[in-house]
Amino acid sequence: CLQLAKAIEGTLAGPAVSLADLVMLAGAHAVWQCNGPDILLRIGRPDAPGPDPEGRLPDENSSAALLKANFADKGFSARELVALSGAHTIGNKGFGGPYAFDNTYYKELLKKPWTNTKDSMASMIGLPSDHVLPDDEELQPIIQEYAKDQEAFFKDFSAAYVKLSELGIR
């Protein structure tokens, strides 16, 4: 990000694009590069004066109730929580290919592969905060919908990502 920030210094974009903008734009671009939706973002986020305060993000061992409360405190619905959690499909945590953005995350959540006692690596699939999602009666129907309908996931993820990107925008 700092290299890109230096590259736009002195251009028309320089004073308008913050490091916070670059982070959100990089995330949206990564999703698109992995065959996910094309997410259009506004710029104008101020850079934070320092690191996020402790507890701003939920702990990876949070229960579904704590995750929902944490997201609700920021103005996000349970549906938006589930949609944004779909970003975990990218990477190497057992939810599909490391460079694929699709609805495999939801299909795997419903299978609960981390419970396979015959696989010594099963517990390494996903985060504990992923594992609690399909057991929540409010979240499970959303997971089932996204597992069946990738376009609904893409639409909802894009909207929630834009909403996330605009927290604190000028």
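Keep in mind it's a predicted model, so treat the numbers as computed, not measured. (Residues numbered from 1 in each chain as written. Predicted model: local features only at pLDDT ≥ 70, side-chain atom pairs only at ≥ 80, totals over all residues. Heavy atoms only, no water.)

As for the nonpolar core
- With 34 residues, the main nonpolar core has Tyr106, Leu109, Tyr146, Phe157 and Tyr161 as its most contacted residues.
- For this core, the elements supplying multiple residues, two or more each, are helix H2 (19-33), helix H3 (64-73), helix H4 (78-85), helix H5 (104-111), helix H7 (140-148) and helix H8 (150-165).
- Here the element with the most residues in this core is H8; it accounts for six residues.
- Apart from residues lying up to four places away in sequence, Tyr146 is in contact with Arg79, Val82, Ala83, Asn103, Tyr106, Ala152, Phe153 and Asp156. (Core = buried A, V, L, I, M, F, W, Y, C linked by side-chain atoms within 4.5 Å. Buried < 20%, exposed > 50% of the residue type's maximum accessible area, 1.4 Å probe, protein only. Helix = DSSP H or I, 4+ residues; strand = E, 2+ residues; numbered from the N terminus. Contact = heavy atoms within 4.5 Å.)

A short note on unusual backbone geometry
- Not every positive phi belongs to a glycine, and Asn35 is a case in point at roughly 70°.
- The backbone phi angle of Lys112 is positive, close to 50°, even though this residue is not glycine.
- Position of Lys112 among the secondary structure elements: in the loop between H5 and helix H6 (128-131).

Some words on the side chain of Ser165
- Take Ser165: it is sitting in helix H8.
- From its side chain, Ser165 meets the backbone oxygen of Val162 in a polar contact 2.7 Å long.
- Apart from residues no more than four positions distant in its own chain, Ser165 is found in contact with Met24, Leu41 and Arg45. (Polar contact = N/O pair within 3.5 Å; in protein donor to acceptor, adjacent residues only side chain to side chain.)

What about H7?
- Restricting attention to buried positions, one finds in H7 the residues Ile142, Ile143, Tyr146 and Ala147. Down the axis of H7, the buried side of the element spans an arc of 140°, and every buried residue falls inside it.
- If you follow the buried residues of H7, they end up packed against H4, H5 and H8. (Arc of directions from axis to C-beta.)

A word on the packing of aromatic side chains
- Scanning the entire structure with this criterion turns up twelve aromatic pairs.
- Relative to Phe154, the ring of Phe101 lies with its centre 5.7 Å away and its plane at 40°, an arrangement referred to as tilted. Separated by 53 residues along the polypeptide, Phe101 in the loop between H4 and H5 and Phe154 in helix H8 bring together distant segments of the chain.
- Judged by relative accessible area, which is 2%, Phe101 ranks as buried.
- Overall, the relative accessible area of 9% leaves Phe154 in the buried class.
- Taken together, Phe95, Phe101, Tyr105, Tyr106, Tyr146, Phe153, Phe154, Phe157 and Tyr161 form an aromatic cluster joined through their ring pairs. (Phe/Tyr/Trp six-rings, centres within 6.5 Å; stacked < 30°, edge-to-face > 60°.)

Digging into H2
- Here H2 is 15 residues long and its end C-alpha atoms lie 20 Å apart, about the 21 Å a rise of 1.5 Å per residue gives.
- Among all positions of H2, only Ala20, Asp21, Leu22, Met24, Ala28 and Val31 are buried.
- The backbone nitrogen of Ala20 has a side-chain oxygen 3.4 Å away, supplied by the residue at the start of H2, namely Ser18.
- Remark: Asn35 follows H2 within two positions and exhibits a positive phi of approximately 70°. (Expected span 1.5 Å × (residues − 1).)

Digging into the pattern of salt bridges
- According to the stated counting rule, one finds ten salt bridges in the structure shown.
- We note a salt bridge from Glu108 to Lys111, for which the minimum N-O separation is 3.2 Å. Of the two residues, Glu108 and Lys111 are both situated in helix H5; the distance of three residues between them amounts to about one turn of the helix.
- Within this structure, Arg79, Glu145, Lys155 and Asp156 form a network of salt bridges that share partners. (Salt bridge = Lys/Arg side-chain N within 4 Å of Asp/Glu carboxyl O.)

By themselves, these are just geometric observations and shouldn't be taken as functional.
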